[in-house]
Amino acid sequence: MDMASLKDGLGAAMSGAPSPIEAANRLCHACVDLLEIDGASVSLIDGGEIQGTFGSSGELSRMVDELQFTYGEGPCLDAVATGRLVVADDLDSPHEARWPALTQAMIAEGIRAVYALPVAVAKHPIGALDLYRHTSGQLDEATLSGSLWAARLAALPILDLMSSAADRLTRAQVTDAWEDLASLERVEVYQATGMLMAALGTTAADALVRLRSYAIAHSLTASAVAYQVVKRELVIADVWDVRHGGGGAQ
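Presented here is an overview of the structure given in this document. Bear in mind the structure is a predicted one, so any value in this text is a computation, not a measurement.

Turning next to the pattern of salt bridges. Summed over all chains, the structure comprises 4 salt bridges. For the salt bridge of R112 with D92, the shortest nitrogen-to-oxygen distance reads 2.9 Å. Taken together, the residues span a long stretch of sequence, with R112 in the loop between α5 (100-108) and β4 (113-121) and D92 in the loop between β3 (86-88) and α5 at a distance of 20 residues. Under the relative-accessibility criterion, R112 is labelled partly exposed at 24%. You can call D92 partly exposed: its relative accessible area is 45%. The salt bridge involving E96 is made with R98; its shortest N-O contact spans 2.6 Å. Overall, the relative accessible area of 14% leaves E96 in the buried class. Note on R98: relative accessible area 41%, which makes it partly exposed.

With that out of the way, let us pick up the nonpolar core. Counting 32 residues, the largest nonpolar core has L10, C31, F54, L129 and L131 as the members making the most contacts within it. Mapped by element, the contributors of at least two residues to this core are α1 (3-14), α2 (20-34), β1 (39-46), β4, β5 (124-133) and α6 (141-169). Other than its neighbours up to four places away in sequence, L10 contacts L27, A30, C31, L34, G146, W149, A150 and L153. By size, the runner-up hydrophobic cluster in this structure holds 21 residues, among which are A79, A88, L91 and A105.

As a further point, take the packing of aromatic side chains. Taken as a whole and judged by the stated rule, the model has 0 aromatic pairs. Residue placement shows K7 over the ring face of W149; its charged tip is 4.4 Å from the ring centre. Sitting over the ring of F69, R212 keeps its end group 4.8 Å from the ring centre.

Procedures and definitions
Residues numbered from 1 in each chain as written. Predicted model: local features only at pLDDT ≥ 70, side-chain atom pairs only at ≥ 80, totals over all residues. Heavy atoms only, no water. Salt bridge = Lys/Arg side-chain N within 4 Å of Asp/Glu carboxyl O. Helix = DSSP H or I, 4+ residues; strand = E, 2+ residues; numbered from the N terminus. Buried < 20%, exposed > 50% of the residue type's maximum accessible area, 1.4 Å probe, protein only. Core = buried A, V, L, I, M, F, W, Y, C linked by side-chain atoms within 4.5 Å. Contact = heavy atoms within 4.5 Å. Phe/Tyr/Trp six-rings, centres within 6.5 Å; stacked < 30°, edge-to-face > 60°. Lys NZ or Arg CZ within 6 Å of the ring centre and 35° of its normal.

In structure tokens, the structure reads:
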């Protein structure tokens, strides 16, 4: 497919979407259909943390996002930090040492290559487009060009959501846009972090570190552990003292 057709196809996929998030979802699906990749997701990132998955082509794509949040590192965070394309085209390679623990978790999910492109608004990276494959390999010229275009398109629904929310806020109205924004946040993580802070008298940063450490030690995601804490299915002391393995139910 020539570049003009590729651009038209990616843009057309978003046309007529009923909401900004649905437009992002459609773009991710179009990436899978039109580019040489197996999955795609759009992450919103602020303050060096993944705030939520804005769009995805499926559950495994969301898992890529969730794993990077759990480990607190990864290609999408690096793409936003540097404002550049980050390529990990062979996660099995012994030379791939940027995110060792995260890499093993991704391989366990069947992912062998990840490509992260910054999504920028007014030249400021606010998120990333993550593309992944089940096989290793470099992006060919057409796929790379299409990916860069897709990253530019990914900024449009984010801008739509931000503009809609800001416009309605000036009228003091509750809107679907704000509900969409709120749905991106990992509410359980913030609630569980607060519970750890209150119970153990620690800081938010330390509580999140312990939550993530417990998740990694038990091959879970941070969100899954947070949900158990909030539902009181997991003893807070077990999360705090990761060295002992934890895991008891209340």
